[in-house]
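The chain contents come next:
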Amino acid sequence: MKEKRKVKLDRIDIDLAVKRTKMSCERSLLSYIRTACVFVSLAFTYLKIAVYDKFDAFVIIMFCIGFGFLVFGVVEYFLTMHRANAIYEEYADDFYEAKEDLTSDNEDK
């Protein structure tokens, strides 16, 4: 009986850890998007304040940095979510194998 409870608690721990990881990925993605928006809005603000006939290098750099943050955040999000799902699937397989072992042990007795 203790074995079943331990396996069940391990399963709950794994589920909660994966959910925490996914939520932190989403939070990180939102922070990268927020940072990208700040850099792009800074570039637009400087473009409006600066001389209109000249496209300054500062504006180009701010656009590139903003776009870089956005791309990096999206790539990191998908890579981390893929790794979290792979780990979850690995532990889910172990959980079901352990559960089958426990049920087969109980049937033998």
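Above this note sits the structure.
Our subject in this report is the structure included herewith.

The rules we used
Residues numbered from 1 in each chain as written. Predicted model: local features only at pLDDT ≥ 70, side-chain atom pairs only at ≥ 80, totals over all residues. Heavy atoms only, no water. Helix = DSSP H or I, 4+ residues; strand = E, 2+ residues; numbered from the N terminus. Buried < 20%, exposed > 50% of the residue type's maximum accessible area, 1.4 Å probe, protein only. Areas by Shrake-Rupley, 256 points an atom, 1.4 Å probe, with all protein chains shown as cover. Contact = heavy atoms within 4.5 Å. Phe/Tyr/Trp six-rings, centres within 6.5 Å; stacked < 30°, edge-to-face > 60°.

## So, the overall build of the chain
At step 1: Scanning the chain for helices and strands turns up two helices and zero strands.
At step 2: Within the chain, buried positions represent 18% of all 109 residues.
At step 3: Counting only carbon and sulfur atoms, one obtains 64% of the accessible surface of the chain, whose full area is about 8,500 Å².

## Describing the environment of Ile61
At step 1: Tracing the chain through its elements places Ile61 in helix H2 (residues 57-108).
At step 2: The exposure class of Ile61 is partly exposed, given its relative accessible area of 44%.

## Quick word on the environment of Leu70
At step 1: Structurally, Leu70 is set in helix H2.
At step 2: Judged by its relative accessible area of 34%, Leu70 is partly exposed.
At step 3: For the pair Leu70 and Thr35, spaced 35 residues apart in sequence, the C-alpha to C-alpha distance is 8.1 Å.
At step 4: Not counting residues within four places of it along the chain, the set of residues in contact with Leu70 comprises Ile33 and Ala36.

## Considerations on the packing of aromatic side chains
At step 1: Within the structure shown, the criterion is met by six aromatic pairs.
At step 2: Ring geometry for Tyr32 and Phe72: centres 5.4 Å apart, planes at 75°, overall edge-to-face. Of this pair, Tyr32 sits in helix H1 (residues 2-49) while Phe72 sits in helix H2, placing them 40 residues apart in sequence.
At step 3: Consider the rings of Phe44 and Phe63, whose centres lie 5.1 Å apart with planes at 90°: the pair is edge-to-face. Note that Phe44 is positioned in helix H1 and Phe63 in helix H2, a separation of 19 residues in sequence.
At step 4: You can call Phe63 partly exposed: its relative accessible area is 25%.
At step 5: Taken together, Tyr32, Phe39, Phe69 and Phe72 form an aromatic cluster joined through their ring pairs.

Bear in mind that shape data such as this cannot, by itself, settle questions of function.
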